[in-house]
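The lines below spell out each chain.
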Amino acid sequence: MSNVNKEYSDTTLGTQEPQVTVVGSEFVPGNEGNAMISQARGYHVMRFPNGEAYHTRGGYLMELVPDYCGDSAMTCELLEILGVALMVLPAEKPKGVRKFEPGFSAFYEVDNKLYATVPMPTEDDACACALWSVLGVSHD
């Protein structure tokens, strides 16, 4: 066995930038996003002409789709059940960009891989986008 002796100093620690996978570009906040999350959770979603969406898991019982995009406490609780801790941060304006809409991105780690959502209009939307991507990301 070889004995590898690595030297670390203040200048070498933390010099690598973490690789972040950006997810959620297909996520649409609001009623559409709520339906997308319900589908990802295994429900059958039915939309009515007035814009309401209901979900069912079989049989004839239906209930209104929860407002995932409006309730970050519920989405964070569902993420905790899945073993995912979430951090939401405000998006920064990139250098050289003239038009910038403020928003929020959610960061989380799954299987030692760091993910970030695309900027969403609100913190609740960022949490919902993270839940949708966790439910849809393959962890093989």
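Residues numbered from 1 in each chain as written. Predicted model: local features only at pLDDT ≥ 70, side-chain atom pairs only at ≥ 80, totals over all residues. Heavy atoms only, no water.

## A look at the packing of helix α1 (residues 31-40) against helix α3 (residues 123-136)
Here is step 1: Viewed as axis vectors pointing N to C, α1 and α3 meet at an angle of 30°, and their least axial separation amounts to 9 Å. On the basis of the axis angle, α1 is roughly parallel to α3. Seen along the crossing, α1 lies across α3 with a hand that is left-handed. Two secondary-structure elements touch here, α1 through M36, I37 and A40 and α3 through A128, L131, W132 and L135.
Here is step 2: Across the contact of α1 with α3, the residue classes tally to seven nonpolar, no polar and no charged. (Axes fitted to C-alpha atoms, helices over the stretch in contact; angles between N-to-C directions. Helix = DSSP H or I, 4+ residues; strand = E, 2+ residues; numbered from the N terminus. Parallel < 35°, antiparallel > 145°, perpendicular 65-115°, else oblique. Left-handed = near helix turned anticlockwise from the far one by under 90°. Contact = heavy atoms within 4.5 Å. Nonpolar A, V, L, I, M, F, W, Y, C, P; charged D, E, K, R; others polar.)

## As for the sheet that holds strand β5 (residues 86-90)
Here is step 1: The four strands are arranged β1-β7-β6-β5 in an open sheet whose pairing can be described as mixed. In this open sheet, the two edge strands, each paired with only one partner strand, are β1 (20-23) and β5. Each strand axis lies, on average, 30° off the axis of its neighbour in the sheet, ignoring direction.
Here is step 2: Sitting on the sheet, α3 is in contact with β1, β5, β6 (104-110) and β7 (113-117), with an inclination near 30° to β6. (Pairing = 2+ DSSP bridges.)

## Considering the packing of helix α2 (residues 72-81) against α3
Here is step 1: At a minimum axis separation of 9 Å, α2 and α3 run at an interaxial angle of 30°. With respect to their mutual orientation, α2 and α3 come out roughly parallel. Relative to α3, the crossing made by α2 is left-handed. Note on element contacts: α3 touches α2 through D124, C127, A128, A130, L131 and V134, opposite S72, T75, C76, L78 and L79.
Here is step 2: The class makeup of the residues in the contact of α2 with α3 is eight nonpolar, two polar and one charged.

## Let's talk about the state of the cysteines
Here is step 1: Per the counting criterion, the structure on display carries zero disulfides.
Here is step 2: We note that C76 lacks a disulfide partner, and the nearest cysteine sulfur, in C127, lies 4.0 Å from it. (Disulfide = S-S within 2.5 Å.)

## Some remarks on α1
Here is step 1: Buried residues of α1: G33, N34, A35, M36, I37 and S38, and no others.
Here is step 2: At the C-terminal side of α1, G42 shows a positive phi close to 100°. (Buried < 20%, exposed > 50% of the residue type's maximum accessible area, 1.4 Å probe, protein only.)

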